[in-house]
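What follows is each chain in one-letter form.
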Protein chains: 2
Amino acid sequence: MARTGRRRGSPDTREAIVSAARAVFAEHGYDGAAIRAIAARAGVDPALVHHYFGTKEKLFLAVVAAPFDPGEVLPRITGPGTDGFGERLIRALLAVWEDPVRGPAALALLRSALRHDWSARMLREFLTNRVLRRGMQLLEIDPAEAPLRASLVASQIVGLVGIRYALRIEPLASLPVEVVVANVGPTIQRYVTGPLVGRDAVAIAEHLR
Amino acid sequence: MARTGRRRGSPDTREAIVSAARAVFAEHGYDGAAIRAIAARAGVDPALVHHYFGTKEKLFLAVVAAPFDPGEVLPRITGPGTDGFGERLIRALLAVWEDPVRGPAALALLRSALRHDWSARMLREFLTNRVLRRGMQLLEIDPAEAPLRASLVASQIVGLVGIRYALRIEPLASLPVEVVVANVGPTIQRYVTGPLVGRDAVAIAEHLR
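Nothing here was measured: the structure is a model prediction, and the numbers come from that model.

**Things to note about the interface of chain A and chain B**
Often the size quoted for an interface is simply the accessible area lost on bringing the parts together. Listed by partner, the interface residues are 47 residues for chain A and 47 residues for chain B. Note on chain A versus chain B: buried area summed over both sides is about 4100 Å², and carbon and sulfur give 68% of it. By the criterion of area lost to chain B, the three top residues of chain A are Leu114, Leu167 and Asn183 of chain A, representing 16% of everything that side buries. Remark: the boundary between chain A and chain B carries zero salt bridges. At the junction of chain A with chain B, the criterion picks out 13 residue pairs in polar contact (both at pLDDT 80 or more). Where the side of chain A that touches chain B is concerned, the elements lending two or more residues are helix H7 (102–115), helix H8 (117–138), helix H9 (146–166), helix H10 (177–193) and helix H11 (201–208) of chain A. With twelve residues, H9 of chain A is the single largest residue contributor to the side of chain A that touches chain B. The residue makeup of the side of chain A that touches chain B, split by class, is 31 nonpolar, nine polar and seven charged.

**Re the confidence of the model for chain A**
Residue and element names in this part refer to chain A. The predicted model of chain A averages 87 in pLDDT, with 90% of residues at 70 or higher. When the elements of chain A are averaged for pLDDT, H11 gives the smallest value, 55, and helix H2 (residues 35–42) the largest, 96. Per-residue pLDDT stays below 50 along residues 1–5; that stretch engages in one contact with residues further than four places along the chain or on separate chains. Taken together, the chains of this predicted complex give a pTM of 0.84 and an interface ipTM of 0.83.

**A short note on the environment of proline 143 of chain A**
Structurally, the position occupied by proline 143 of chain A is in the loop between H8 and H9. For the pair proline 143 of chain A and arginine 133 of chain A, spaced ten residues apart in the sequence, the C-alpha separation amounts to 9.1 Å.

**A look at the packing of aromatic side chains**
Scanning the entire structure with this criterion turns up 14 aromatic pairs over all chains. Residues phenylalanine 60 of chain A and phenylalanine 126 of chain A carry aromatic rings whose centres are separated by 4.4 Å and whose planes lie at 20° to one another, so their mutual orientation is stacked. In this pair, phenylalanine 60 of chain A sits in helix H4 (residues 56–63) while phenylalanine 126 of chain A sits in helix H8, placing the two residues 66 residues apart along the sequence. Each member of the pair, phenylalanine 60 of chain A as well as phenylalanine 126 of chain A, carries the same accessibility label: buried. Residues phenylalanine 25 of chain B and phenylalanine 60 of chain B carry aromatic rings whose centres are separated by 5.1 Å and whose planes lie at 90° to one another, so their mutual orientation is edge-to-face. Of this pair, phenylalanine 25 of chain B sits in helix H1 (residues 11–32) while phenylalanine 60 of chain B is found in helix H4 (residues 56–63), placing the two residues 35 residues apart along the sequence.

**As for H1 of chain B**
Residue and element names in this part refer to chain B. Across its 22 residues, H1 extends only 26 Å between first and last C-alpha, which sits more than 12% below the 32 Å expected from 1.5 Å per residue. What H1 keeps buried is the set Thr13, Ala16, Ile17, Val18, Ala20, Ala21, Val24, Phe25, Gly29 and Tyr30. Looking at the packing, one finds that the buried side of H1 touches helix H2 (35–42), helix H3 (46–53), H4 and helix H8 (117–138).

**Observations concerning the environment of glycine 71 of chain A**
All names here are of chain A. Relative to the helices and strands, glycine 71 resides in helix H5 (residues 70–78). Look at glycine 71 and you get partly exposed, because its relative accessible area is 35%. For the pair glycine 71 and arginine 134, spaced 63 residues apart in the sequence, the C-alpha separation amounts to 9.2 Å. Ignoring any residue separated from it by four or fewer positions in sequence, one finds glycine 71 in contact with Glu57 and Arg134.

**Describing unusual backbone geometry**
Put simply, glutamate 170 of chain A and proline 171 of chain A share a cis peptide bond, and its omega is 5°. Mapped onto the elements, proline 171 of chain A comes out in the loop between H9 and H10. Residue glutamate 140 of chain B is not a glycine yet carries a positive backbone phi of 60°. You can see glutamate 140 of chain B is positioned in the loop between H8 and helix H9 (146–166). Owing to a relative accessible area of 71%, glutamate 140 of chain B belongs among the exposed residues under this scheme.

Each value, and the rule that gives it
- Residues numbered from 1 in each chain as written.
- Chains lettered and ligands numbered in written order.
- Predicted model: local features only at pLDDT ≥ 70, side-chain atom pairs only at ≥ 80, totals over all residues.
- Heavy atoms only, no water.
- Contact = heavy atoms within 4.5 Å.
- Buried area = accessible area lost by both parts, 1.4 Å probe.
- Salt bridge = Lys/Arg side-chain N within 4 Å of Asp/Glu carboxyl O.
- Polar contact = N/O pair within 3.5 Å; in protein donor to acceptor, adjacent residues only side chain to side chain.
- Helix = DSSP H or I, 4+ residues; strand = E, 2+ residues; numbered from the N terminus.
- Nonpolar A, V, L, I, M, F, W, Y, C, P; charged D, E, K, R; others polar.
- pLDDT = per-residue confidence, 0-100.
- Phe/Tyr/Trp six-rings, centres within 6.5 Å; stacked < 30°, edge-to-face > 60°.
- Buried < 20%, exposed > 50% of the residue type's maximum accessible area, 1.4 Å probe, protein only.
- Expected span 1.5 Å × (residues − 1).

Structure below.
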């Protein structure tokens, strides 16, 4: 059966939407990318984008081949509150990276983010708004301190992943998950609930939000 | 003046040695690369390699266009001992990365290490043996604990650099140096002098050395 004109439901349509979304996200960042613009570029109705992917966030996760869905993971690790959050976060993080399928996908994503400016921008916006900011909200962290706390958490997470899975520096590369959790968890915990050092840090964070 | 046969001192010779060294480091790693093999590949006498670069370490620093010389920086920040080491380390690290010339060179090096397996291997060996191990020795850290402490330090350093200079997540990307030092320094300090959490961590580190 020959298809003509505007695309309807098919694997090709899905791929065309993902491809259009990749271009629009790259051009406008996560925040600036509109479903309407993505649909126009793919030559489909916006309703079809929603039909296939539900939300802009789900579409983004498909575009970057995200190894996890923060909408599912975040409520699980923030649910019990700030007590023990550091250890839960590291445990959940390593569960993704130790996975034989999701691990390599996650590594590819990190490498891409560190390589391309446009990819870094997409990832930065997504990580900032959809992961870090949302995580701090779920933990009910003081909004004035949340951005700084979140970016400090991100610094330890990205470095742990870089050393253990990309540079593979021993013994951190081979330690059992629970030993890593026990050693790095307290750092996350301090960044989330400990004192923010530096007199102007919160004011500066506020200014930059 | 025409040059014939074996190369003698000239900019070309220096470049030929660096080029040969790059290939030999890539093939054999930092530890396995011999000056003799590098000289043979460049078609020069090993004495000429020493004449131009002094040591294998200096040659390596030239090959990777290293933004700093650990042989100079490490004694300076470890000299005063473990007290305040965390803050001195972060301050010295950011001094490199904030520098308009050395900063981009350092970022290029990190990106390369995360991208290529051969580059990651060179960097890993160099970072492990010439930077981390030496730093722990200078601080007189218990050798049984040093590798784990060093790799934990590396995880926070790489992540801080990745978030602040590559992914540029705010507010950490724009905070004044001293605010970063005050917030991240204590993490380094804990990794170097705090308790190692996890019953088997030291034994595992010992096993992996």
